[in-house]
Amino acid sequence: MNDTTQENPTMRVISQDAHGGPEVLKLATTARPTPGLGQILVRVHATSVNPVDIMNRTSGAFTGKPPSVLGYDVSGTVEAVGPGVTVHQVGDEVFGMLPFPHGHGSYAEYVIAPARALVRKPERLDHVQAAALPMAGLTAWQALVDTARIGEGSRVLINGAAGGVGHLAIQIAKARGAYVIAVASGANADFVRGLGADEVIDYTTTGITEATGDLDAVLETIGGDYPVQAVQILKPGGILVSTLPPSLAPAVAAATERGVRLAGLFVEADQLGMNELASLVDEGHLTPVVDATFPLEEVAKAHATKPGTGKNVLVVS
């Protein structure tokens, strides 16, 4: 069922013709796409700003040469379904992450997505909240649950705990029964405690190596010297999961010596993971935090504004 209200329907997108600062992001008009086999057309109500979007804007790390449309997170309504799609119907409210790294394109009024990349949006979340969850939430889930396999009684340290991935990771770890040590600024200490953190390390005054050792897992999202430090507080057999895989290289020798495992994670679109996140939302265990919202046409401002906690979200329609 395709939109036939216009002979040649169009849509607004945020496009860039060059790599650079936020100013390269421009509002443009292009043809509205039609879903193919196994695809759905989603009317985007909201999308979010992720660090990888900024990386793609400045260097084209995963988008290649411009022109390109950024964005992986989607929350919206199914506008049309392609041949063979049975898991969604027109009118369904859905959310999820477009396939990383080459499925970007959600900074737009409409986007094509693989049908099984998106799932039903939880009723507890509006579209703005839902848009803040997919990429960051899947990153946290795949790091802590699929990779580190944390569970009841696991001792977990989360670096960057007030950020997009970190604030969701705290909630996921607590829902799994873990003991959580959060690393954040003193200004955000109450915020991360409110999410469930059992201990807080103020990184502006205290190093993570001063944390109690014998940790089962560390989720590291900052890079720099942190991976080398994290190895020192993990117990033998423990695991350091980094969302910045290249940052692990300096830690390899020490990890081998101490019997610590290293894992560099790039997030994957995952219907099962999205359903797990949606279930945690439905059960009241997981709520994404939105620091600020911006209309689509103010995307440059959204990219230039670093969130204090949680995520920045673009409101599309």
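The structure we're discussing is the one just above.
The following refers to the structure shown.

Time to look at the overall build of the chain. Looking only at helices and strands, the chain has nine helices and 16 strands in total. Taken over C-alpha atoms, the radius of gyration comes to 20 Å for the chain, in line with the 20 Å a tight globule of 317 residues would show. For the chain, the C-alpha atoms occupy an extent of roughly 65 × 40 × 35 Å along the three principal directions. Across the 317 residues that make up the chain, the buried fraction comes to 53%. Counting contacts in the chain only where the partners sit at least 6 residues apart, residues at least 24 apart contribute 65% of the total. With an accessible surface of roughly 13100 Å², the chain has 50% of that area assigned to carbon and sulfur atoms. Where the 21 positive side-chain charges of the chain centre and where its 32 negative ones centre are 1 Å apart.

Before going further, it helps to examine the packing of aromatic side chains. Per the counting criterion, the structure on display carries four aromatic pairs. Each ring, one from F62 and one from F266, has its centre 6.3 Å from the other, and the planes form 75 degrees; the classification is edge-to-face. With a gap of 204 residues between them, F62 in the loop between α1 (51-59) and β4 (68-69) and F266 in the loop between β14 (261-264) and α8 (271-282) connect regions that are remote in the sequence. The class of F62 is partly exposed, set by a relative accessible area of 21%. Taking the relative accessible area as the measure of exposure, F266 reaches 45% and is therefore partly exposed. Through pairs of rings, three or more aromatic residues link up here, namely F62, Y72, F100 and F266.

Listed as buried for α1 are V52, D53, N56 and R57. On an axial view of α1, the arc spanned by its buried residues comes to 145 degrees, and they lie on one face. Taken together, the buried residues of α1 touch β1 (10-16), β2 (25-31), β3 (39-49), α3 (134-147) and α9 (299-304). Looking one or two residues past α1, G60 carries a phi angle of roughly 65 degrees, positive in sign.

Below, the discussion takes up the sheet that holds β4. Here three strands make up an open sheet; going across it, the order is β2-β1-β4 and the pairing antiparallel. The open sheet has two edge strands with one neighbour each: β2 and β4. Of the pairings in the sheet, the one linking β1 to β4 comprises two bridges and is antiparallel in character. When the sheet's bridge partners are listed, S15 is paired in β4 with V69.

Residue P66 is joined to P67 through a cis peptide bond whose omega torsion reads 5 degrees. Its location among the elements puts P67 in the loop between α1 and β4. The omega torsion across F100 and P101 is 10 degrees, close enough to zero to call that bond cis.

Together, E123, D146, E268, E276, D282 and E283 make up a region of like negative charge exposed at the surface. Relative to the assigned elements, E268 resides in the loop between β14 and α8.

With that settled, consider helix α4 (residues 164-175). With 12 residues, α4 extends 18 Å between its outermost C-alpha atoms, agreeing within 8% with the 16 Å of an ideal straight helix rising 1.5 Å per residue. Taking burial as the measure, the 12 residues of α4 include 10 buried ones, the bulk of the element. Inspection of α4 places G164, V165, G166, H167, L168, A169, I170, Q171, I172 and A173 among the buried residues, and these make up the whole buried set. Where α4 terminates, the next one or two residues include G177, which has phi positive at roughly 90 degrees.

Our next topic: the side chain of H127. Tracing the sequence through the fold places H127 in helix α2 (residues 127-131). Within the local environment of H127, its side chain forms a polar contact with the side chain of S75, the two groups lying 2.7 Å apart. Residues within four places of H127 in sequence aside, it is in contact with H45, A46, S75, G76, T77, E93 and K121.

Definitions and cut-offs
- Residues numbered from 1 in each chain as written.
- Predicted model: local features only at pLDDT ≥ 70, side-chain atom pairs only at ≥ 80, totals over all residues.
- Heavy atoms only, no water.
- Helix = DSSP H or I, 4+ residues; strand = E, 2+ residues; numbered from the N terminus.
- Rg over C-alpha atoms; globule rule 2.2 N^0.38 Å.
- Buried < 20%, exposed > 50% of the residue type's maximum accessible area, 1.4 Å probe, protein only.
- Contact = heavy atoms within 4.5 Å.
- Areas by Shrake-Rupley, 256 points an atom, 1.4 Å probe, with all protein chains shown as cover.
- Lys, Arg positive; Asp, Glu negative; His and termini not counted.
- Charge placed at Lys NZ, Arg CZ, Asp CG, Glu CD.
- Phe/Tyr/Trp six-rings, centres within 6.5 Å; stacked < 30°, edge-to-face > 60°.
- Arc of directions from axis to C-beta.
- Pairing = 2+ DSSP bridges.
- Patch = residues over 30% accessible without salt bridge, like charges linked within 9 Å, V, L, I, M, F, W, Y side chains within 5 Å.
- Salt bridge = Lys/Arg side-chain N within 4 Å of Asp/Glu carboxyl O.
- Expected span 1.5 Å × (residues − 1).
- Polar contact = N/O pair within 3.5 Å; in protein donor to acceptor, adjacent residues only side chain to side chain.

In short, shape yes, function no, at least from these values alone.
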